[in-house]
Amino acid sequence: MARVRTGIVRRKRHKKILKEAKGFKGTRKTNFRKANEAVRRAMAFSTEHRKLKKRTMRELWIIRINAASRLNGISYSKFMNGLKKLNISLDRKVLADLAVNNASEFAKLVEQVKNI
């Protein structure tokens with residue numbers, strides 16, 4: 001059986017990992033073994049944080065809606081319940097954007113909810 005030399009394949013694999021480790025500190029960007037560990041960890045964290053990002057954005061929207069609705073004299077839960085009763089189907093992302101960028105329009109929504 002012929003001897004297999006992995007020079008080209010190994011170099012290609014190493015270069016791919018080292019390219020992904022660009023921007024890391026110290027030997028984590030130059031030493032293949034350290035870079036490989038760092039890249040694998042980074043990929044695991046990025047997968048986890050893609051899921052977390054959705055959760056944290058929803059939290060932020062709720063906080064913004066709550067703050068804006070309290071400025072208009074109603075709690076978040078009562079405001080959201082009122083919107084459901086009025087069959088206004090705006091999601092939290094849109095409501096949070098309204099609260100931040102169009103306070104007057106948001107105030108009109110709150111008044112509609114208060115009037116039921």
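Here the structure is a predicted model, which means the values were calculated and not measured.

Caption draft 1: Highlighting the overall build of the chain. Secondary structure assignment for the chain yields 5 helices and 0 strands. Scanning the chain from its N terminus toward the C terminus, one meets helices and strands in the order α-α-α-α-α. Computed over C-alpha atoms, the radius of gyration of the chain comes to 26 Å, more than 25% over the 13 Å expected from 2.2 N^0.38 for 116 residues, which places it beyond the range of a compact globule. Dimensions of the chain, computed from C-alpha atoms along their principal axes, come out at roughly 85 × 35 × 20 Å. A total of 116 residues make up the chain; the buried ones form 21% of that total. Taking all contacts inside the chain whose residues are at least 6 apart in sequence as the whole, residues at least 24 apart take part in 45%. Working note: accessible area of the chain is about 9400 Å², and carbon and sulfur atoms make up 54% of it. The positive charge centre, built from 32 side chains, and the negative charge centre, built from 8, are 14 Å apart in the chain.

Caption draft 2: The arrangement of helix 5 (residues 103–114) in detail. Compared with the 16 Å implied by 1.5 Å per residue over 12 residues, the 16 Å span of helix 5 between its first and last C-alpha is a close match. Residues of helix 5 that are buried include every one of Phe-106, Leu-109, Val-110 and Val-113, and no others. The arc that holds the buried residues of helix 5, viewed along the axis, is 100°, so those residues lie on one side. Against the buried residues of helix 5 lie helix 2 (32–71), helix 3 (76–85) and helix 4 (92–101).

Caption draft 3: Seen up close, unusual backbone geometry. With a phi angle near 60°, Asn-87 is a residue other than glycine that sits in the positive phi range. Looking at the element boundaries, Asn-87 is found in the loop between helix 3 and helix 4.

Caption draft 4: Molecular detail of the pattern of salt bridges. Throughout the structure, instances matching the rule amount to 1 salt bridge. Close ionic contact of Lys-108 with Glu-105 constitutes a salt bridge, the shortest N to O distance being 3.6 Å. On the criterion of helical spacing, the pair formed by Lys-108 and Glu-105 is a turn pair, its members being 3 residues apart in helix 5. Using a relative accessible area of 51% as the deciding quantity, one classes Lys-108 as exposed. Exposure remark for Glu-105: the relative accessible area of 36% places this residue in the partly exposed category.

Caption draft 5: Just the packing of aromatic side chains, in detail. Taken as a whole and judged by the stated rule, the model has 1 aromatic pair. Seen in terms of ring centroids, Phe-79 and Phe-106 are 5.1 Å apart; in terms of plane orientation they differ by 50°. Their pairing is tilted. Taken together, the positions of Phe-79 in helix 3 and Phe-106 in helix 5 put the pair 27 residues apart, joining distant regions of the chain. Each member of the pair, Phe-79 together with Phe-106, is buried.

Definitions and cut-offs
Residues numbered from 1 in each chain as written. Predicted model: local features only at pLDDT ≥ 70, side-chain atom pairs only at ≥ 80, totals over all residues. Heavy atoms only, no water. Helix = DSSP H or I, 4+ residues; strand = E, 2+ residues; numbered from the N terminus. Rg over C-alpha atoms; globule rule 2.2 N^0.38 Å. Buried < 20%, exposed > 50% of the residue type's maximum accessible area, 1.4 Å probe, protein only. Contact = heavy atoms within 4.5 Å. Areas by Shrake-Rupley, 256 points an atom, 1.4 Å probe, with all protein chains shown as cover. Lys, Arg positive; Asp, Glu negative; His and termini not counted. Charge placed at Lys NZ, Arg CZ, Asp CG, Glu CD. Expected span 1.5 Å × (residues − 1). Arc of directions from axis to C-beta. Salt bridge = Lys/Arg side-chain N within 4 Å of Asp/Glu carboxyl O. Phe/Tyr/Trp six-rings, centres within 6.5 Å; stacked < 30°, edge-to-face > 60°.

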